[in-house]
Amino acid sequence: MRTPLTPDMFDELCPSSVSPIRFGDKWAGMIIRCLEDGPRRFSELRVPLRNVTPKSLTQSLRGLERSGLISRHEQARSVEYALTPLGRSLLAPMAAACAWAEDHWDELVDAHEAAYQATHHQAPA
């Protein structure tokens, strides 16, 4: 029996939301992290990725499969997704990118806030 994925696996303030480093599409890095400890069914992925629509999750999974990063295994009544050796080779670079984002979190947040203020600044009334 495998350990279930936790709903709070990805914090709302996760550094991935402000990190300039992306692995695939918006959700790909999180999907790869979910598959780090072994194969998962779609419904299992939905637990920590609760903010992803089923359509977006399906599109991300298909993109990762086309890129050779994950494999899709059809069972009798279910489908499981797993990292391929190529996908597993991304785990170390992803860990380095996450560590970098955590080390530079304050700077990244400040830059995002400054950009937001610059584009949403309203003239005084």
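If you're wondering where the values come from, they're calculated on a predicted model, not measured in any experiment.

The rules behind the values
Residues numbered from 1 in each chain as written. Predicted model: local features only at pLDDT ≥ 70, side-chain atom pairs only at ≥ 80, totals over all residues. Heavy atoms only, no water. Pairing = 2+ DSSP bridges. Helix = DSSP H or I, 4+ residues; strand = E, 2+ residues; numbered from the N terminus. Core = buried A, V, L, I, M, F, W, Y, C linked by side-chain atoms within 4.5 Å. Buried < 20%, exposed > 50% of the residue type's maximum accessible area, 1.4 Å probe, protein only. Contact = heavy atoms within 4.5 Å. Salt bridge = Lys/Arg side-chain N within 4 Å of Asp/Glu carboxyl O. Axes fitted to C-alpha atoms, helices over the stretch in contact; angles between N-to-C directions. Parallel < 35°, antiparallel > 145°, perpendicular 65-115°, else oblique. Nonpolar A, V, L, I, M, F, W, Y, C, P; charged D, E, K, R; others polar.

Asker: Which residues make up the sheet that holds strand E1 (residues 40-41), and what are the values?
Answerer: The strands making up a sheet are joined through hydrogen bonds of the backbone, oriented either antiparallel or parallel. As summarised here, the arrangement of the three strands in space is E1-E3-E2, forming an open sheet in which the pairing is antiparallel. The open sheet has two edge strands, E1 and strand E2 (70-74), and neither has a second partner. The pairing of E2 with strand E3 (residues 79-83) spans five bridges and is antiparallel. Bridging across to E3, Ile70 finds its partner in Leu83.

Asker: Describe the nonpolar core, naming the residues involved and giving the relevant values.
Answerer: By size, the foremost hydrophobic cluster in this structure holds 21 residues, and its most contacted members are Ile31, Leu45 and Leu49. Among the secondary structure elements, those contributing two or more residues to this core are helix H1 (28-34), helix H3 (54-66), E3 and helix H5 (91-103). A per-element tally of this core places H1 first, with five residues.

Asker: With reference to specific residues and values, describe the side chain of Glu80.
Answerer: Within the fold, Glu80 resides in strand E3. Among all residues touching Glu80, those that are not within four sequence positions of it are Arg2, Pro39, Arg40, Arg41, Ser71, Arg72, His73 and Gln75.

Asker: Could you give an account of the pattern of salt bridges, with specific residues and numbers?
Answerer: Inspection of every chain in the model, using the stated rule, returns six salt bridges. Linking Glu80 and Arg2 is a salt bridge whose minimum nitrogen-to-oxygen distance equals 2.8 Å. A residue pair is termed long-range when its members are at least 10 positions apart, and Glu80 in strand E3 and Arg2 in the segment before H1 qualify at 78 residues. For Glu80, a relative accessible area of 15% gives the class buried. The salt bridge partner of Arg72 is Glu74, with a shortest N-O separation of 2.8 Å.

Asker: So what's going on with the packing of H5 against helix H6 (residues 105-120)? Which residues, and what values?
Answerer: Interhelical geometry of H5 versus H6 gives an angle of 70 degrees and a closest axis separation of 4 Å. Judged by the angle between their axes, H5 and H6 are roughly perpendicular. For the pair formed by H5 and H6, the contact residues are Trp100, Ala101, Glu102 and Asp103 on the first element and Trp105, Glu107 and Leu108 on the second. Grouping the amino acids of the contact of H5 with H6 by side-chain chemistry returns four nonpolar, no polar and three charged.

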